[in-house]
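Residues per chain are reported as follows:
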Amino acid sequence: MTAVQGHYDPAFKSVREVFEQNFVERDEVGASVCIRDASGRTLVDLWGGSHADKKTPWTRDTMSIVFSCTKAATALCAQILIDRVQLKLDAKVTEYWPEFGASGKGETTVRDMLGHRSGVPALRNPVKPGGFLDFDYVTEELAAETPFWEPGTDHGYHMVTFGWTVGELVRRVSGKSLGQFFKDEIATPYGVDFHIGLPKSEFERVSKMILYKPTPGDVPSDFVKAMMTDPTSLQALAFANNGGWYFDAPNAWQAEIGGAGGISNARGLAGMFGSLFGETPLLSKDRQTDMAKPVSEGDDLTLLIPTRFGQGFMLNIDNRHLDGEGNSAIMGEAAFGHVGMGGSIGFADPVAGFAFGYTMNRMGGGTLLNDRGQSLVDAAYSCI
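Residues numbered from 1 in each chain as written. Predicted model: local features only at pLDDT ≥ 70, side-chain atom pairs only at ≥ 80, totals over all residues. Heavy atoms only, no water.

Next up on the list: the state of the cysteines. The tally for this structure, following the rule as stated, stands at zero disulfides. The structure places no disulfide on Cys 34, whose sulfur is separated from the nearest cysteine sulfur, that of Cys 69, by 14 Å. Classification of Cys 34 by relative accessible area gives buried; the value is 1%. For Cys 383, which is in no disulfide, the shortest distance to another cysteine sulfur is to Cys 34 and amounts to 14 Å. (Disulfide = S-S within 2.5 Å. Buried < 20%, exposed > 50% of the residue type's maximum accessible area, 1.4 Å probe, protein only.)

So this is what it looks like as structure tokens:
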């Protein structure tokens, strides 16, 4: 079931070749890749392989969970409100969400939240069973939480909590749930097949994920070392204190988990970022330029590697000097987007003039890209 289907512009033949190589040489199981140019033309739309059961073919409309690529969807919702001057970047969060000011968080700004600087990348109290499926419960817990550092003074990846910190701002300002706002403002008007809260009617399209299995040759990251050796560490709490959340359960697919629960495919990711181009772009040019400027750069208090973030988006992260897989997400210097755990990625590069999406069901190691996704990104840039 590794036959690749779809279409591509002949100028992007090397992307197809790399996509095929991933199945033959890099153990890809099921995947999709899509590239759109600034005019909205689809340059590459390919898919292949099988679902996690290795029996059901991965078809044109197969989707999978894209983990932290969902943060980009959540960030776009916030950026719409910023563009409309309904949400102000340098206003205190308490202007919109008064309860968040508890326990020393009163000076936190909207910019801090978007830049992973708000100091609540995890919860200390054990999350109740099923807690991650309860949006109100998590936002109440985060509002009461004592920050892990003084907000605004440093940054650490808000691994899942980003979806509730920024998502609650979207809900407070718009009056709609995060998933509904995304559907109304982005998915429906731009024809984007991306869901924050998946309807039951779409369940049969979803391929479950294949978890990464460490091998004896793996080099454990500092994040993994901290997580495994100290259950009270920020790293362990951020990753494992989740109330038993299992991302591939149907009740998790239905929940609006804006930090890691979105479901889509490469066409959906490329379409979401492609909404920023064309005759009726989602956001103004000024907003797009501003939101891609670095907010946080340097050593990440959560991931324990150097990271770079704009206003809710990952920027080019080149950590090839570090040992191990999954430490980098190398894009153009003007690009902004997000990776998802296991190796999916979506981004836009306004200078190169294209939007890119890649999803898969066999997860790789590390937090950022592995060689399957990075090879496709590299091939895309070589064609541009």
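Read across the open sheet, the three strands follow the order β4-β6-β5; overall the sheet is antiparallel. Edge positions in the sheet fall to β4 (64-65) and β5 (194-195), since each of these pairs with one other strand and no more. In this sheet, strand β6 (residues 263-264) lies alongside β5 in antiparallel orientation, the contact comprising two bridges. Looking at the pairing, Phe 194 lines up with Ser 264 of β6. (Pairing = 2+ DSSP bridges. Helix = DSSP H or I, 4+ residues; strand = E, 2+ residues; numbered from the N terminus.)

Core analysis: the biggest nonpolar cluster contains 114 residues, and Met 272 and Phe 356 have the highest contact counts within it. Of the residues forming this core, the biggest block, 10 residues, is contributed by helix α2 (residues 69-83). Leave out the neighbours within four places in its chain, and Met 272 touches Cys 69, Ala 72, Ala 73, Leu 76, Phe 182, Val 192 and Phe 194. Of all hydrophobic cores here, the second largest spans five residues; its members include Trp 149, Leu 234, Leu 237 and Ala 238. (Core = buried A, V, L, I, M, F, W, Y, C linked by side-chain atoms within 4.5 Å. Contact = heavy atoms within 4.5 Å.)

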